[in-house]
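Per-entry structural report
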Amino acid sequence: NISDLEDKRVGVIGIWAKSEFIKEKFPNIEFVDFAIPLDAMEALTRGEIDIFSTRQIIGNYIIAQNFLYGIEVLGPDLFTQIDSSGLIRLASRNH
């Protein structure tokens, strides 16, 4: 449920058009901008954000290539209203 994100810090890629749309559509969520997905995934491992949404293939690649740990793929993105391809997934720190 999208309301589950209201007390979370959600990483987004600031230059992506979809990020602005998401911010406008969900004003009660705290969004944190990043330049590239790697920056967001590293912030996720450091606990600077709680959730990051990206395409699953990109997330898996970044995790493998950069030896990131403590990240859990949660499943289908809560923002599926924006991208119905089913390729977007949420990731969070593994507590």
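Described in the following lines is the structure provided in the data block. (Residues numbered from 1 in each chain as written. Predicted model: local features only at pLDDT ≥ 70, side-chain atom pairs only at ≥ 80, totals over all residues. Heavy atoms only, no water.)

Further remarks concern the pairing of strand β1 (residues 9–13). The buried fraction of β1 is high, at 4 of 5 residues. As paired elements, β1 and strand β2 (residues 30–34) share 5 bridges and run parallel to each other. Across the sheet, residue Arg9 finds its bridge partner in β2, namely Glu30. Handedness of the β-α-β unit built from β1, helix α1 (residues 17–25) and β2 comes out right-handed. Examined bridge by bridge, β1 and strand β3 (residues 51–55) share 2 bridges and lie parallel to one another. What sits directly across from Gly11, in β3, is Phe52. (Buried < 20%, exposed > 50% of the residue type's maximum accessible area, 1.4 Å probe, protein only. Helix = DSSP H or I, 4+ residues; strand = E, 2+ residues; numbered from the N terminus. Pairing = 2+ DSSP bridges. Right-handed = clockwise from strand over helix to strand, strands pointing away.)

Turning next to the packing of helix α2 (residues 37–46) against helix α3 (residues 56–66). Think of two packed helices as two axes; the pair is described by the angle between the axes and how far apart they sit. The interhelical angle for the contact between α2 and α3, taken along N-to-C directions, is 70 degrees, at an axis separation of 10 Å. Classified by the interaxial angle, the pair formed by α2 and α3 is roughly perpendicular. For α2 against α3, the interelement crossing comes out right-handed. Where α2 abuts α3, its residues Pro37, Leu38 and Met41 lie against Ile58, Gly59, Ile62, Ile63 and Asn66. Of the residues that constitute the contact of α2 with α3, the class distribution is 6 nonpolar, 2 polar and no charged. (Axes fitted to C-alpha atoms, helices over the stretch in contact; angles between N-to-C directions. Parallel < 35°, antiparallel > 145°, perpendicular 65-115°, else oblique. Left-handed = near helix turned anticlockwise from the far one by under 90°. Contact = heavy atoms within 4.5 Å. Nonpolar A, V, L, I, M, F, W, Y, C, P; charged D, E, K, R; others polar.)

In short, shape yes, function no, at least from these values alone.
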